[in-house]
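The lines below spell out each chain.
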Amino acid sequence: MKLVCGSRTLDLATPQVMGVVNVTPDSFSDGGAYFDPDAALARVERVVAEGAAIVDIGGESTRPGAAPVSASEELHRVIPAIERAVRLPVVVSVDTSRPEVMRAAIAAGAHMVNDVRALAAPGALAAVAGTRAAVCLMHMRGSPADMQDDPRYGDVVAEVAAFLAARVAACERAGIARERIAIDPGFGFGKTLEHNLELLRRLGTLGEAGLPVVVGLSRKRMIGAITGRPVGERLAGSVAAAVIAVLRGACIVRAHDVAEAVDGLRIVAAVMQGENG
Ligand code: PT1
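First, a word on what this report is: a plain description of the structure on this page. Because the structure is predicted, anything quoted here is derived from the model rather than measured. (Residues numbered from 1 in each chain as written. Predicted model: local features only at pLDDT ≥ 70, side-chain atom pairs only at ≥ 80, totals over all residues. Heavy atoms only, no water.)

1. Overview of the pattern of salt bridges
Step number 1: Counted according to the given criterion, the structure contains 16 salt bridges.
Step number 2: With a shortest N-O distance of 3.3 Å, Glu 159 and Arg 141 are connected by a salt bridge. Here the residue Glu 159 occupies a position in helix H5 (residues 156–174), and Arg 141 occupies one in the loop between strand E7 (134–138) and H5, the gap between them amounting to 18 residues.
Step number 3: Salt bridges sharing partners connect three or more residues here, namely Asp 155, Glu 194, Glu 198, Arg 201 and Arg 202. (Salt bridge = Lys/Arg side-chain N within 4 Å of Asp/Glu carboxyl O. Helix = DSSP H or I, 4+ residues; strand = E, 2+ residues; numbered from the N terminus.)

Printed below as a string of structure tokens:
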């Protein structure tokens, strides 16, 4: 499988890692709203050296309970980092839901838009449609502020798959070709532990759409709930979950600990290659 990402094309014959680059004060404690783009570049360089095919640059946290930031603040955080990152040999993704941030990021050279709201904001489809950028459409129930308040589903896998299929159809109507679209079930976004586990068990159902499946499991609460570990001690659990996701069809793994995720995926790829040949 391939994913067209603007001027670059991702070969997904083997699973790839999307390295997380948070340009937020809570992730890079600098005591204020200002963030140093050179520190972001250093993080991007490290993520690339560790083997990530994609870097995902985000200026607004979407973790449960996170508060939104203004559009101008988000722009000030991510655009300088993107301008620097696009000089490196990597697909540069912008993690945003705002059309104005999408447009500015693509103008700065970003190759992909990763949107936890699946281009639902007014103008978001159009911001991507007129470009060659790829898009990752993610499922979320509610918003980060309230998404963990008693989420309920009949059949979580069927509902997530139907939502994503509807968003893929909306993209196609807007002129975004399927070769530019990836889908993501949104682990932890309005889901209980049991919902997350059911999505991971039946991840193959999402793959039936024939589009690359992205997963973000790294350091999440579900890993903590199973292992009993705080966020700083979830590396092994995160790699185990990523490996299971790839065995069940995921092509792209969003991860904080890139070197470890790459190693885990290399083991899976080596075993799976023997199965095909
Ligand atoms: C994700 C993702 C993302 N996750 C994509 N983008 C986050 N495509 C940001 C928790 O339960 O999975 N896919 N962008 C981070 N968001 C969360 C959500 C972080 C839940 C933590 C949790 O701990």
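2. Looking at the site of the ligand
Step number 1: For the ligand, the set of nearby residues contains 15 residues, the closest of which are Asp 95, Asn 114, Asp 184, Lys 220 and Arg 221.
Step number 2: Within the contact set of the ligand, a nitrogen atom lies 2.7 Å away from a side-chain nitrogen or oxygen of Asp 184.
Step number 3: Starting from 510 Å² of accessible surface for the ligand in isolation, the protein chains cover 92%.
Step number 4: Classifying every residue of the shell around the ligand by side-chain character gives five nonpolar, four polar and six charged. (Near = heavy atom within 4 Å. Polar contact = N/O pair within 3.5 Å; in protein donor to acceptor, adjacent residues only side chain to side chain. Areas by Shrake-Rupley, 256 points an atom, 1.4 Å probe, with all protein chains shown as cover. Nonpolar A, V, L, I, M, F, W, Y, C, P; charged D, E, K, R; others polar.)

3. As for the pairing of strand E10 (residues 252–255)
Step number 1: In E10, alternate side chains face the same way, and those of Ile 252 and Arg 254 on one face and Val 253 and Ala 255 on the other are all buried.
Step number 2: Note that strand E3 (residues 16–22) and E10 share four bridges and pair parallel. Among the inter-strand pairings, Gln 16 is bridged to a residue of E10, identified as Ile 252.
Step number 3: Note that strand E9 (residues 214–216) and E10 share three bridges and pair parallel. Considered in E10, the bridge of Gly 216 is made with Arg 254. (Buried < 20%, exposed > 50% of the residue type's maximum accessible area, 1.4 Å probe, protein only. Pairing = 2+ DSSP bridges.)

4. Comments concerning the state of the cysteines
Step number 1: Evaluated as defined, the whole model comprises zero disulfides.
Step number 2: We note that Cys 5 lacks a disulfide partner, and the nearest cysteine sulfur, in Cys 136, lies 10 Å from it.
Step number 3: Cys 5 sits in the buried class, given a relative accessible area of 0%.
Step number 4: Not engaged in a disulfide, the cysteine Cys 171 finds its nearest cysteine sulfur in Cys 136; these two sulfurs lie 11 Å apart. (Disulfide = S-S within 2.5 Å.)

5. Things to note about the sheet that holds E10
Step number 1: One open sheet accounts for eight strands, arranged E8-E7-E6-E5-E4-E3-E10-E9; its pairing is parallel. At either end of the open sheet lies a strand with only one pairing partner, and these are strand E8 (181–184) and E9. Taking each pair of neighbouring strands and ignoring which way they run, the sheet shows an average axis angle of 25 degrees.
Step number 2: Contacts from H5 reach E7 and E8, with the element oriented near 150 degrees to E7. (Axes fitted to C-alpha atoms, helices over the stretch in contact; angles between N-to-C directions. Contact = heavy atoms within 4.5 Å.)

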